Amino acid sequence: NSQSGSVLSGQHEKALMAVAPAAVQAALDRVTRESEEKSLLLAELRHRMKNNLQTVQSLLRLQKTRIHKPAARQELARLEMHIAALNGVDGELLVSDANQPVDLGTYLRRLMGKLKEAFATEFRPVNFRLQLDRIEVPFRAAANIGLLVNEAVTNSFKHAVSKGADEICLTLQRKDDAAILTVSDNGPGFDGSGQKHLGGTLLMHRLAERVRAVVERDQEWLGTRYTVRIH
């Protein structure tokens, strides 16, 4: 009858209320456990990738010592530094938590040190002038910006230092809602007309697009100067 049905319904409701918290907790525990397992797997994959990239860097460095042609050595140095930038210089960037911000200024300072070291035996001594503010960005953005800076500085060594330049400058400053990055040298400059999307410059523009940045070349600068506005 309706009265007994009401009693059974009430008992059923009480039973569900008693079981529900345990079921929810069990589900949460399962999700947490699976998440931890995936995080450990991802960390292991990142460490392995870091080690593999460092192995490739070492092989390139070794091969560079066996080659005597300057142009070939410079290209190997370029590849070595592309890998160093992608690897976060010494691997810390690659194995860092994807959700944790990266101090871009510190990362770029260490990257510039590696670039100077990589090209030290290929060109005349170069003075690096750095003015880098502490600005935190996602680690994926840091990797792309590092590759962009690597390309710009490598071009300075190849096209400016080889023609007499002795200074490369890198600045990073916060301005309004953007980070302003500049890379410049005091070389003879070049005629960039019709070359905006060729070679290394094309790569710089593509890398900038990945982080919603804009790259511009200062036409009035006596040498070569790029300004990157990162929103």
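In this report, the structure presented in the accompanying data block is examined. (Residues numbered from 1 in each chain as written. Predicted model: local features only at pLDDT ≥ 70, side-chain atom pairs only at ≥ 80, totals over all residues. Heavy atoms only, no water.)

1. What to know about the overall build of the protein
Phase 1: A tally of helices and strands in the protein yields six helices and seven strands.
Phase 2: Secondary structure elements of the protein occur, N-terminal to C-terminal, as α-α-α-β-α-β-β-α-β-β-α-β-β.
Phase 3: Each of the 231 residues in the protein was classed as buried or not, and the buried ones make up 40%.
Phase 4: For the protein, restricting intrachain contacts to residue pairs at least 6 apart in sequence, the fraction spanning at least 24 positions comes to 71%.
Phase 5: Carbon and sulfur atoms make up 54% of the accessible area of the protein, which totals about 13,900 Å². (Helix = DSSP H or I, 4+ residues; strand = E, 2+ residues; numbered from the N terminus. Buried < 20%, exposed > 50% of the residue type's maximum accessible area, 1.4 Å probe, protein only. Contact = heavy atoms within 4.5 Å. Areas by Shrake-Rupley, 256 points an atom, 1.4 Å probe, with all protein chains shown as cover.)

2. Observations concerning the sheet that holds strand 4 (residues 167–175)
Phase 1: Read across the sheet, five strands follow the order 2-4-5-7-6 without closing on themselves; strand pairing throughout is mixed. Since the sheet does not close on itself, it has two edges, and those belong to strand 2 (127–132) and strand 6 (213–217), each with one partner. Adjacent strand axes in the sheet meet at a mean angle of 10° when their direction is disregarded.
Phase 2: Where strand 2 lies against strand 4, six bridges are found, and the strand directions are parallel. The residue of strand 4 that forms the bridge with Arg-129 is Cys-169.
Phase 3: Relative to strand 2, helix 4 (residues 104–119) is tilted by about 175°, and along the sheet it contacts strand 2, strand 4 and strand 5 (178–185). (Pairing = 2+ DSSP bridges. Axes fitted to C-alpha atoms, helices over the stretch in contact; angles between N-to-C directions.)

3. Remarks on the packing of helix 4 against helix 5 (residues 139–159)
Phase 1: Here helix 4 crosses helix 5 at 35°, and the two axes come no closer than 10 Å. Note that helix 4 runs across helix 5; the crossing there is right-handed. Residues Leu-104, Tyr-107, Leu-108, Leu-111, Met-112, Leu-115 and Phe-119 of helix 4 lie in contact with helix 5, whose contacting residues are Ala-142, Ala-143, Ile-145, Gly-146, Val-149, Asn-150, Val-153, Thr-154 and Phe-157.
Phase 2: A class-by-class count of the residues in the contact of helix 4 with helix 5 yields 13 nonpolar, three polar and no charged. (Left-handed = near helix turned anticlockwise from the far one by under 90°. Nonpolar A, V, L, I, M, F, W, Y, C, P; charged D, E, K, R; others polar.)

4. Looking at the nonpolar core
Phase 1: Within the largest apolar cluster, 44 residues are counted, with the highest numbers of intra-cluster contacts made by Leu-108, Val-153, Phe-157 and Leu-181.
Phase 2: Going through the elements one at a time, helix 4, strand 2, helix 5, strand 4, strand 5, helix 6 (199–210), strand 6 and strand 7 (224–230) are the ones with two or more residues in this core.
Phase 3: In terms of residue count, helix 5 provides more of this core than any other element does, ten residues in total.
Phase 4: Leave out the neighbours within four places in its chain, and Leu-108 touches Leu-132, Gly-146, Val-149, Leu-170, Leu-172 and Leu-181. (Core = buried A, V, L, I, M, F, W, Y, C linked by side-chain atoms within 4.5 Å.)

5. Quick look at the pattern of salt bridges
Close approach of charged atoms lets side chains of opposite charge pair.
Phase 1: Enumeration over the complete set of coordinates arrives at four salt bridges.
Phase 2: We note a salt bridge from Arg-134 to Glu-136, for which the minimum N-O separation is 3.2 Å.
Phase 3: Residue classification places Glu-136 among the partly exposed positions, given a relative accessible area of 45%.
Phase 4: Between Asp-218 and Arg-225 there is a salt bridge; the shortest N-O distance is 3.8 Å.
Phase 5: Through salt bridges with shared partners, one network takes in Asp-103, Arg-134 and Glu-136. (Salt bridge = Lys/Arg side-chain N within 4 Å of Asp/Glu carboxyl O.)

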